[in-house]
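# Remarks on the overall topology
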Amino acid sequence: MKQVRIMDEGAIRRALTRISYEIIEQQKDVSNLVMIGIKTRGITLAKRIAEKISSLEKIKVPVGEIDITLYRDDRHDIENEEAPVLNGTSIPFNIKGKQVVLVDDVLFTGRTVRAALDAIMDIDRPKRISLAILIDRGHRELPIRPDFIGKNVPTSLEEVIHVHLLEDDASDEVIIENE
C-alpha cells in the first residue's frame, strides 16, 4: 500500500486562510454568517475557518455541528444492520435567514453533502448555504459543487484520501493512499 503526503501543516493552514478570505469576499457582510461542520473533521475545519474570519473581521462567527447518520441514503436495510451510532447535532443558534457555510474535509460522491443539506433544511431555512471543502477528489454521483475548495485532487476510485487534523489525529496532513 503506497501512501503519499499531498498536504502538510503549512499547506492546510494556507488553504484554510484562502478559503476564509474567499468566504469574506463572497459574503460582503459577515454579520449574518454561520459555519456548520459535518462530523467529524468538518467541525474542526469549520472552527478553524470561523476563527480566521473572526480575527480578520473582528466579529464572532458561530459554529455548529451536524451529524448526518440518519440522513444517509446508503442505509436502506436498517432492520438487518446494527443501529447507527448518533453523535448528535449541535447548532446552538438560529439558522433561519442566515448565510450558512457548510464545511467538510473531503468531497467525493456528494452523498454526505446531500445528507447534510437535508438535515439543515429539517432544522430551518437559511437564506443561503455555501459549501467549503478542504479536498475535492472528484467522482461525483450527485450534482454537488463546492463554493470554496482548499485543493483539487483528481483520484482514481482505488485511491483513498485521509485527512489528519491536530485536534482529532495529533497531526495536520493529508495523505493519499493507493490500495
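Model, not experiment: these values are computed from the prediction.

## Quick word on the pattern of salt bridges
- The full count for this structure, using the stated rule, is nine salt bridges.
- Residue lysine 39 pairs with glutamate 65 through a salt bridge whose shortest N-O separation is 3.2 Å. Taken as a pair, lysine 39 in the loop between β2 (33-38) and α2 (41-57) and glutamate 65 in strand β3 (residues 63-66) lie far apart in primary sequence, 26 residues in all.
- Of the charged contacts in the structure, one is a salt bridge between glutamate 167 and arginine 48, with a shortest N-O distance of 2.6 Å. Placement of the pair is glutamate 167 in helix α4 (residues 166-169) and arginine 48 in helix α2, with a sequence separation of 119 residues.
- Each of Arg48, Glu167 and Asp172 takes part in one network of salt bridges that share partners.

## Structural notes on the nonpolar core
- One finds Ile23, Met35, Leu134 and Ile135 to be the most contacted residues of the largest nonpolar core, which totals 30 residues.
- Counting residues per element, the ones that place at least two in this core are α1 (9-27), β2, α2, β4 (99-107), β5 (128-136), β7 (159-164) and β8 (173-178).
- Per-element accounting of this core gives the leading share, seven residues, to α1.
- Not counting residues within four places of it along the chain, the set of residues in contact with isoleucine 23 comprises Leu33, Met35, Ile49, Ile53, Val101 and Phe148.

## A few points about the packing of α1 against α2
- As a packed pair, α1 and α2 sit with axes 9 Å apart at the nearest point and diverge in direction by 60°. What the angle tells us is that α1 and α2 run oblique. Remark: the crossing between α1 and α2 carries right-handed chirality. Taking contact as the criterion, the partners of Ile12, Leu16, Thr17, Ile19, Ser20, Tyr21, Ile23 and Ile24 in α1 are, on α2, Leu45, Arg48, Ile49, Lys52, Ile53, Leu56 and Glu57.
- Broken down by class, the residue content of the contact of α1 with α2 amounts to ten nonpolar, two polar and three charged.

## Looking at unusual backbone geometry
- The omega angle of the peptide bond from lysine 39 to threonine 40 is 0°, so this bond is cis rather than trans.
- In this fold, threonine 40 is placed in the loop between β2 and α2.
- Of note in this structure, lysine 58 is not a glycine but carries a positive phi near 55°.
- Classification of lysine 58 by relative accessible area gives exposed; the value is 72%.
- The backbone of alanine 170 sits at a positive phi, close to 75°, despite the residue not being glycine.
- In this structure, alanine 170 sits in the loop between α4 and β8.

## A word on the packing of aromatic side chains
- Summed over the entire model, instances satisfying the criterion amount to zero aromatic pairs.
- The cationic tip of arginine 137 hangs over the ring face of phenylalanine 108; the distance from NZ or CZ to the ring centre is 4.0 Å.

## As for the side chain of aspartate 136
- Summarising the element assignment, aspartate 136 is placed in strand β5.
- Here glycine 138 takes part through its backbone nitrogen, which lies 3.1 Å from a polar atom of the side chain of aspartate 136.
- Aside from chain neighbours lying at most four places away, what touches aspartate 136 is Leu107, Pro146, Ile149, Lys151, Asn152 and Val153.

## Digging into the sheet that holds strand β1 (residues 2-7)
- Strand order in the open sheet made by the three strands is β1-β8-β7, with antiparallel pairing throughout. The open sheet has two edge strands, β1 and β7, and neither has a second partner. In this sheet, adjacent strand axes meet at a mean angle of 25° when their direction is disregarded.
- Bridge count between β7 and β8: six bridges; the pairing is antiparallel.

## A short note on the pairing of β4
- Buried residues dominate β4, accounting for nine of its nine residues.
- Of the strand pairs in this sheet, β2 and β4 are connected by five bridges, and their pairing is parallel. Bridging from a neighbouring strand, glycine 37 pairs with valine 103 of β4.
- Of the pairings in the sheet, the one linking β4 to β5 comprises eight bridges and is parallel in character. Considered in β5, the bridge of leucine 102 is made with leucine 131.
- Note that the unit made of β4, helix α3 (residues 111-123) and β5 has a crossover that is right-handed.

Parameters and conventions
- Residues numbered from 1 in each chain as written.
- Predicted model: local features only at pLDDT ≥ 70, side-chain atom pairs only at ≥ 80, totals over all residues.
- Heavy atoms only, no water.
- Salt bridge = Lys/Arg side-chain N within 4 Å of Asp/Glu carboxyl O.
- Helix = DSSP H or I, 4+ residues; strand = E, 2+ residues; numbered from the N terminus.
- Core = buried A, V, L, I, M, F, W, Y, C linked by side-chain atoms within 4.5 Å.
- Buried < 20%, exposed > 50% of the residue type's maximum accessible area, 1.4 Å probe, protein only.
- Contact = heavy atoms within 4.5 Å.
- Axes fitted to C-alpha atoms, helices over the stretch in contact; angles between N-to-C directions.
- Parallel < 35°, antiparallel > 145°, perpendicular 65-115°, else oblique.
- Left-handed = near helix turned anticlockwise from the far one by under 90°.
- Nonpolar A, V, L, I, M, F, W, Y, C, P; charged D, E, K, R; others polar.
- Phe/Tyr/Trp six-rings, centres within 6.5 Å; stacked < 30°, edge-to-face > 60°.
- Lys NZ or Arg CZ within 6 Å of the ring centre and 35° of its normal.
- Polar contact = N/O pair within 3.5 Å; in protein donor to acceptor, adjacent residues only side chain to side chain.
- Pairing = 2+ DSSP bridges.
- Right-handed = clockwise from strand over helix to strand, strands pointing away.

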